[in-house]
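Given next are the chains, with one letter for each unit.
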Amino acid sequence: MANLSSKALIRVDIQNDFLANSSVAIARAQEIIPNVNELSCNSFFKLVVDIRDCHKPTHKSFAKWGQHCIEGSYGYNPPSTLYVNSNIKLFHKGMDDKVDTLSGFENPELLPYLLAQKIQSIYIVGLALDFCVLSTAIDAVKYNFATYIILDACKGINVNMDNLTFQKKLASQGIKTLKTADILSLK
Ligand SMILES: [Zn+2]
């Protein structure tokens, strides 16, 4: 049967530097990997997209965050535990040295790709919940996608997924939230 799903899973910044041993590492970030992997293999989604931070060694944001995700480095790469396959389309952000980017939609190729694939709903997972995941979700709402953050497949820097103030902030911006089990039970 044809897959009529119009849903995309967007995986944000699941890269070694955000997981451990760098100035941008997020505590316990590796805990999200099993949920992200389960979701990535689920036919609920028509497609899976990876957003990756990718900088030259002279990027502007290093003044604030320290060096991270330098193109071609170990820290740029996804962890070996992350499920990958050749159908997952990759989009970079942070290629321009002078611009600090948080949202995946700052790559101008992402929106046309999603529209060409007839995607209507976007489900976002990854790192960090309160920075790049949030910014990507805000842009997704702006571009009229039904927008969801799968909370237990994200890890935040200053918030955890049970923070009710943060959840209310998301709701007020038109971002819906759910958990990995909600998707798996929908199948
Ligand atoms: Zn960066």
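Along each chain, numbering runs from 1 in the same order as the chain's sequence is written. Confidence filtering applies because this is a predicted model: local features only for residues at pLDDT of at least 70, side-chain atom pairs given and counted only at 80 or more, and all residues used for totals across whole chains, interfaces and linings.

1. What about the sheet that holds strand S4 (residues 121–127)?
An order of S3-S2-S1-S4-S5-S6 is seen for the six strands of this open sheet, with the pairing classed as parallel. The sheet is open, and its two edges are formed by strand S3 (89–93) and strand S6 (176–178), each paired on a single side. Across this sheet, the average inter-strand angle for adjacent strands is 25°, counted without regard to direction. Pairing between strands requires that DSSP locate at least two bridges from one strand to the other. Helix numbers and strand numbers start at the N terminus; a helix is a DSSP run of H or I with at least 4 residues, a strand a run of E with at least 2. Across five bridges, the pairing between strand S2 (residues 47–53) and S3 is parallel. Paired with Val49 across the bridge in S3 is Lys89. We call two residues in contact whenever the C-beta atoms placed from their backbones are within 7 Å. For helices, the axis comes from a line fit to the C-alpha atoms of the stretch in contact; other axes are also lines fit to C-alpha atoms, and the angle between any two N-to-C directions lies between 0 and 180 degrees. Relative to the sheet, helix H5 (residues 129–142) contacts strand S1 (7–12), S2, S4 and strand S5 (146–155), its axis offset from that of S5 by approximately 170°.

2. Describing the environment of Cys41
Tracing the chain through its elements places Cys41 in the loop between helix H2 (33–40) and S2. Our exposure labels follow a C-beta count within 10 Å of each residue's own C-beta, placed from the backbone: buried means 20 or more other C-beta atoms, exposed means 12 or fewer, and partly exposed covers the counts in between. C-beta crowding within 10 Å serves as the criterion here: with 12 such atoms nearby, Cys41 is assigned to the exposed category. The sequence separation of Cys41 and Lys89 amounts to 48 residues, and the corresponding C-alpha distance is 14 Å.

3. Examining the pairing of S1
Counting buried residues along S1, five of its six residues qualify, which places the element largely inside the surrounding structure. Sheet topology places S1 next to S2; five bridges connect them, and they run parallel. Bridging across to S2, Val12 finds its partner in Ile51.

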